[in-house]
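Descriptive analysis of the structure
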Amino acid sequence: TIAYEVDDIVGEAQWASNENDEPPFADVNAVKVTTNVQILTSAYRYSMFDLQASAMAGVPLEQKRANAARKIIEHGLEKTAALGVSRLGLQGLYTSSTSTVTAAAGAWSGLTEAQILGELNALITGIAVDTNEVQQATTIVLPIAAHSRIRTLKSGVDSGETVLSFFLKTNPTVKEVVSWVYGNTAGALGVTRAVAYAKDPDVLTLEIPQEFTAMAAQLHNYSWRVPCFMKTAGVSTKQPKAIRYLDGC
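The structure contained in this document is the topic of the report that follows.

Considering the packing of helix α3 (residues 113–130) against helix α5 (residues 163–170)
The contact between α3 and α5 brings their axes to 11 Å, and the two run at 40°. By the angle between their axes, α3 is oblique relative to α5. The handedness of the crossing between α3 and α5 is right-handed. Counted together, Glu 113, Ile 116, Leu 117, Leu 120, Asn 121 and Ile 124 of α3 and Val 163, Phe 166 and Phe 167 of α5 form the full contact between these two elements.

Right under this line is the structure:
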């Protein structure tokens, strides 16, 4: 298992005086979360006849199949990192049940540049307000169409800036605004979902207890089989208030 704590710091500093020399205590409300480690598997195989034919053709068949097995597992890990696997209790970036979800005014394809900027600013301001500015959004991940919209839409009639470049210029805490295909249907009832968060290991981490591993080839009749696996516990969200969703953009 992977175990981590979801922390909420409480307390407030006060000025000292001669009449009151007792400092106020700070505390941390911590909830322990435990997630089971799960195993992603794949395999590849090749026969002695395959090796003979590939050697004659000058094609590295064994290596190609090994690469394919690794790509399949890594694709499964990426999908888990985004959406989690609910039946296994794994959480993804888009599926934190304790993070705040707000609804967009509408699909960004039909909104003006001012409306889109307002929604982007509200997304990151919400994190600052919820955490009393302890956490600041550094990363925003958008659905593909929404990202394309702000990357090409001008921020004003005579402006040389796009909505994206203007937003980054006026919000220096945000270091990157990127797209991810999984945001296209990650929202409630399959709508689009954007996510803003503080990219900090104290906020969230992708748990990979064991990297991709290929076992020794196993001979079976005329073929060798190579089982492969990787272990993950999904995404651990340790500061859910530092993650915020926008659905329907």
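Resuming the write-up.
Concerning the side chain of Arg 193
With respect to the element layout, Arg 193 can be found in strand β7 (residues 193–197). Under the relative-accessibility criterion, Arg 193 is labelled buried at 8%. Within the local environment of Arg 193, its side chain forms a polar contact with the side chain of Asp 247, the two groups lying 2.7 Å apart. Every residue in contact with Arg 193, bar those within four places of it in the chain, is listed here: Tyr 94, Val 101, Val 141, Pro 143, Gly 183, Ala 186, Gly 187, Ala 188, Tyr 245, Leu 246 and Asp 247.

Brief notes about helix α4 (residues 144–152)
Owing to its 3.6 residues per turn, the α-helix brings residues three or four apart onto one side. What α4 keeps buried is the set Ala 146, His 147 and Ile 150. In an axial view of α4, the angular spread of the buried residues amounts to 100°, which keeps them on one side of the axis. Exposed and facing more than 90 degrees away from the buried side of α4 are Ala 145 and Thr 152. If you follow the buried residues of α4, they end up packed against α3, β5 (139–142), α5 and β6 (176–179).

Remarks on the pattern of salt bridges
Going through the model one piece at a time under the given rule, you end up with six salt bridges. Across the salt bridge formed by Glu 74 and Arg 70, the nearest N and O atoms sit 3.0 Å from each other. Note that Glu 74 and Arg 70 are positioned in helix α2 (residues 61–83) at a spacing of four residues, about one turn of the helix. Owing to a relative accessible area of 34%, Glu 74 belongs among the partly exposed residues under this scheme. The class for Arg 70 is partly exposed, based on a relative accessible area of 39%.

Structural notes on α3
The terminal C-alpha atoms of α3, which comprises 18 residues, lie 26 Å apart, in line with the 26 Å expected from a rise of 1.5 Å per residue. For α3, the full list of buried residues reads Ile 116, Leu 117, Glu 119, Leu 120, Leu 123, Ile 124, Gly 126, Ile 127 and Ala 128. For α3, the elements touching its buried residues are β5, α4, α5, β7 and β13 (243–247). Positive phi shows up at Asn 132, right after α3, with a value of about 55°.

Structural notes on the sheet that holds β7
Read across the open sheet, the five strands follow the order β4-β13-β7-β5-β6; overall the sheet is mixed. Each edge of the open sheet carries a strand with a single partner, namely β4 (100–103) and β6. Neighbour to neighbour, the strand axes of the sheet diverge by 20° on average, direction disregarded. For β5 and β6, the ladder comprises four bridges, and the chain directions are parallel. Its bridge partner being in β6, Ile 140 is matched across the sheet by Val 177. Contacting β4, β5, β7 and β13, α3 crosses the sheet at an angle of about 150° to β13.

So, how was this worked out
- Residues numbered from 1 in each chain as written.
- Predicted model: local features only at pLDDT ≥ 70, side-chain atom pairs only at ≥ 80, totals over all residues.
- Heavy atoms only, no water.
- Axes fitted to C-alpha atoms, helices over the stretch in contact; angles between N-to-C directions.
- Helix = DSSP H or I, 4+ residues; strand = E, 2+ residues; numbered from the N terminus.
- Parallel < 35°, antiparallel > 145°, perpendicular 65-115°, else oblique.
- Left-handed = near helix turned anticlockwise from the far one by under 90°.
- Contact = heavy atoms within 4.5 Å.
- Buried < 20%, exposed > 50% of the residue type's maximum accessible area, 1.4 Å probe, protein only.
- Polar contact = N/O pair within 3.5 Å; in protein donor to acceptor, adjacent residues only side chain to side chain.
- Arc of directions from axis to C-beta.
- Salt bridge = Lys/Arg side-chain N within 4 Å of Asp/Glu carboxyl O.
- Expected span 1.5 Å × (residues − 1).
- Pairing = 2+ DSSP bridges.

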